[in-house]
Protein chains: 2
Amino acid sequence: MNAPIDRQTLTVGVAARLREMIVEGQLQPGVRLNERVLTEQLLVSRTPLREAFKVLAGEQLIELQADRGAFVKSLEPADVAQLFEVLGALEGLAGELAAARITAAELAEIRALHFEMKAAHARRDLPGYFRCNMQIHARINAAARNTVLTATFNALNVRIHALRFKSNAAKPRWDEAIAEHEAMLSLLEARDGKALRTLLESHLDHKRESLLATPIK
Amino acid sequence: MNAPIDRQTLTVGVAARLREMIVEGQLQPGVRLNERVLTEQLLVSRTPLREAFKVLAGEQLIELQADRGAFVKSLEPADVAQLFEVLGALEGLAGELAAARITAAELAEIRALHFEMKAAHARRDLPGYFRCNMQIHARINAAARNTVLTATFNALNVRIHALRFKSNAAKPRWDEAIAEHEAMLSLLEARDGKALRTLLESHLDHKRESLLATPIK
DNA sequence: AACGCCATTTTTGTATGCAAAAGTAAAATT
DNA sequence: AATTTTACTTTTGCATACAAAAATGGCGTT
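Below you will find a few notes about this structure.

Rules behind the numbers
Residues numbered from 1 in each chain as written. Chains lettered and ligands numbered in written order. Predicted model: local features only at pLDDT ≥ 70, side-chain atom pairs only at ≥ 80, totals over all residues. Helix = DSSP H or I, 4+ residues; strand = E, 2+ residues; numbered from the N terminus. Buried ≥ 20, exposed ≤ 12 C-beta atoms within 10 Å, placed from the backbone. Contact = placed C-beta atoms within 7 Å. Near = placed C-beta within 6 Å. Nonpolar A, V, L, I, M, F, W, Y, C, P; charged D, E, K, R; others polar. Pairing = 2+ DSSP bridges. Axes fitted to C-alpha atoms, helices over the stretch in contact; angles between N-to-C directions. Parallel < 35°, antiparallel > 145°, perpendicular 65-115°, else oblique. Left-handed = near helix turned anticlockwise from the far one by under 90°. Least-squares fit on C-alpha atoms with pLDDT ≥ 70 in both.

Side note on the overall build of chain A
Here is step 1: Within chain A one finds 9 helices and 3 strands.
Here is step 2: Each principal axis of the C-alpha atoms in chain A carries an extent, and together these give about 55 × 55 × 30 Å.
Here is step 3: Within chain A, the fraction of its 217 residues that count as buried is 34%.
Here is step 4: Partitioning the intrachain contacts of chain A with sequence separation of at least 6 by distance along the chain shows that 74% fall at a separation of at least 24.

Structural notes on the protein's contact with DNA strand D
Here is step 1: In the vicinity of DNA strand D, 18 residues are found, and the nearest of them are Glu 35 and Gly 69 of chain A together with Leu 10, Ser 45 and Thr 47 of chain B.
Here is step 2: Of all the elements in the fold, those that place two or more residues in the surface near DNA strand D are α2 (35-42) and α3 (46-58) of chain A together with α1 (10-23) and α3 (46-58) of chain B.
Here is step 3: For the surface near DNA strand D, the leading source of residues is α3 of chain B, giving 3 residues.
Here is step 4: Taken together, the residues that form the surface near DNA strand D break down as 4 nonpolar, 7 polar and 7 charged.

Observations regarding the pairing of strand β3 (residues 69-72) of chain A
Residues and elements named next belong to chain A.
Here is step 1: With 2 bridges joining them, strand β1 (residues 32-33) and β3 adopt antiparallel strand pairing. Directly across from Arg 32, in β3, lies its bridge partner Phe 71.
Here is step 2: In terms of strand pairing, strand β2 (residues 62-65) meets β3 through 4 bridges, oriented antiparallel. For Glu 63, the partnering residue across the bridge sits in β3 and is Phe 71.

Points about the protein's contact with DNA strand C
Here is step 1: The local shell around DNA strand C holds 19 residues, among which Leu 10, Ser 45 and Thr 47 of chain A together with Glu 35 and Gly 69 of chain B are the closest.
Here is step 2: Put simply, the parts of the chain that give the surface near DNA strand C at least two residues each are α1 (10-23) and α3 of chain A together with α2 (35-42) and α3 of chain B.
Here is step 3: Residues belonging to the surface near DNA strand C are distributed by class as follows: 4 nonpolar, 7 polar and 8 charged.

Let's talk about the interface of chain A and chain B
Here is step 1: Each side of the interface is counted separately: chain A has 29 residues, and chain B has 29 residues.
Here is step 2: At the level of secondary structure, the elements contributing two or more residues to the side of chain A that touches chain B comprise α3, α4 (77-101) and α7 (147-166) of chain A.
Here is step 3: In terms of residues, the side of chain A that touches chain B owes the most to one element, α4 of chain A, which gives 9 residues.
Here is step 4: Residues of the side of chain A that touches chain B, tallied by class, amount to 11 nonpolar, 9 polar and 9 charged.

As for unusual backbone geometry
Residue and element names in this part refer to chain A.
Here is step 1: Even without a glycine there, the phi angle at Asp 67 is positive, about 65 degrees.
Here is step 2: For Asp 67, the location among the structural elements is in the loop between β2 and β3.
Here is step 3: Residue classification places Asp 67 among the exposed positions, given that 7 C-beta atoms sit within 10 Å.

Considerations on the packing of helix α4 (residues 77-101) of chain B against helix α9 (residues 193-213) of chain B
Residue and element names in this part refer to chain B.
Here is step 1: At a minimum axis separation of 8 Å, α4 and α9 run at an interaxial angle of 155 degrees. In terms of orientation, α4 and α9 fall into the roughly antiparallel class. Classified by chirality, the crossing of α9 by α4 is right-handed. On the side of α4, the interface is formed by Pro 77, Val 80, Phe 84, Leu 87, Gly 88, Glu 91, Gly 92, Leu 93, Gly 95, Glu 96, Ala 99 and Ala 100, while α9 contributes Gly 193, Lys 194, Leu 196, Arg 197, Leu 200, Glu 201, Leu 204, Asp 205, Arg 208 and Leu 212.

Some thoughts on the environment of Ala 144 of chain A
Residues and elements named next belong to chain A.
Here is step 1: Note on placement: Ala 144 falls in the loop between α6 (126-143) and α7.
Here is step 2: In the structure, Ala 144 is positioned 30 residues away from Trp 174 in sequence and 26 Å away in space, judged by C-alpha atoms.
Here is step 3: Setting aside residues up to four positions removed in sequence, Ala 144 forms contacts with Ala 94, Leu 97, Ala 98, Arg 101 and Leu 149.

With respect to the relation of the copies chain A and chain B
Here is step 1: For the match of chain A to chain B, the screw axis carries a shift of 0.0 Å, the RMSD comes to 0.0 Å, and the turn is 180 degrees. With respect to symmetry, the two chain copies, as superposed, fit the operation of a two-fold axis.
Here is step 2: Of the interface residues in chain A, 100% have counterparts in chain B that sit at the interface too, so the contact is made through matching surfaces.

Focus: the sheet that holds strand β1 (residues 32-33) of chain B
Here is step 1: Pairing is antiparallel in the open sheet, where 3 strands are placed in the order β1-β3-β2 (chain B). With one partner strand each, in any of the chains shown, β1 and β2 (62-65) of chain B form the two edges of the open sheet.

Remarks on the sheet that holds β1 of chain A
Here is step 1: Pairing is antiparallel in the open sheet, where 3 strands are placed in the order β1-β3-β2 (chain A). Of all the strands in the sheet, the pair left with one neighbour each is β1 and β2 of chain A.

Remarks on the packing of helix α8 (residues 174-189) of chain A against helix α9 (residues 193-213) of chain A
Axis angle and axis distance: for two packed helices, these are the angle between their axes and the distance between the axes, and together they describe the pair.
All names here are of chain A.
Here is step 1: The geometry of α8 relative to α9 is characterised by a closest axis approach of 10 Å and an angle of 165 degrees between their N-to-C directions. Taken together, the axis directions place α8 and α9 in an arrangement best described as roughly antiparallel. Between α8 and α9 lies a crossing whose hand is left-handed. Listed contacts from α9 to Glu 176, Glu 180, Ala 183, Met 184, Leu 187 and Leu 188 of α8 are Ala 195, Leu 196, Leu 199, His 203 and His 206.
Here is step 2: Grouping the amino acids of the contact of α8 with α9 by side-chain chemistry returns 7 nonpolar, 2 polar and 2 charged.

Regarding the environment of Ala 105 of chain A
Residue and element names in this part refer to chain A.
Here is step 1: Here Ala 105 shows up in helix α5 (residues 104-122).
Here is step 2: Owing to 8 C-beta atoms within 10 Å, Ala 105 belongs among the exposed residues under this scheme.
Here is step 3: Separated by 41 residues in the primary sequence, Ala 105 and Asn 146 have C-alpha atoms spaced 18 Å apart.

The structure is reproduced here in structure tokens:
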């Protein structure tokens, strides 16, 4: 009666590794992914590597050109703007749904994370701050109880992550962000979905502005 | 000086064919995609077939299980509800952006399509009606000038299409839909993005209701 | 008849082979 | 000298080969 543990296939492992390399900037935008080089580097044959290429192409992280190979996609400012427009709408939806569906326990956990984030802020712990921040948004997304929404959001968000690493860990808009998060919490507690939605949309807008304001490397 | 015409690779051809077969219900939800059978049927080797599997898995049309094969995903009512929640937000965003960015020419074309749709409605031409309807929504999406939005929307919409074929060409909510489309046009002309957004969100909601109301096959 | 066990077949995951396309750089032509 | 041609190398697209995992089915046990 043992649950069928699904063995991880080489393809997904390679895809994960490549994704990481792209997001962390180890594979720079525009560069061509040479199959021979990567097979030697990752110690796999061309078959799982090429299958991983298809996966990453689906995520829009790379572009495939017939007979010419795979290239890391570059994020133009226009792309970033478009991504944030969509992410804003999705995050807004997540907030609205979460306000209607979140449980008391989930809300308590978010409240706890919020204070943890403020603590990190107080001691100028940037990584800690980012981790809490991300967690809070992830929890709101989870509380929306819509896996399609979560998956769609994450798929688009990955592309932004590549930027995060480039814009030298963008000095965050500490104070404004904290204030917005305070407001988010009150609206969640008040179950005011509409207002939360609006707030989250502008929250994303501000995020975009601060990201685009910093010199992209 | 000839433009570099990009040869279509077998993988994308196979992926397109399989996508079609799934959406048209030729490959029913839940069935396993046997590689040998499909290679014989499509006259390609396993390599491009398996690469196509990865593409379709990225689109959530199939599910891959290690050492067990590929299965056509089934759309549970819960999935449909979630999809429509997200599609509503995306379509709303498209409307809001379109209201701000649409050109007079684009608006004129949509107006023309609207009358064409009414004509199809008048002569009870269901396929024509659907075609115009789809075109109108596609044009609004295009007018939003956000390729990320368009791509995201289409990716999710494909999954719904599989349903369309099953719910025996769901008798449309002719009259309500037409009325809503009339309102859409006026709001577009008035450049009232906020209102258009709200309208489109409820428009999608109604679509979902009529789709879920019909006995799924 | 229901269940478990083992041999056989089928199917998948991965590596490799081969041909065509693309890239490269030296020789030939203008 | 600049450009084209051509021989050669590299790289990709696809097919196939091989091994491990999973499915199948007969057999015996209960």
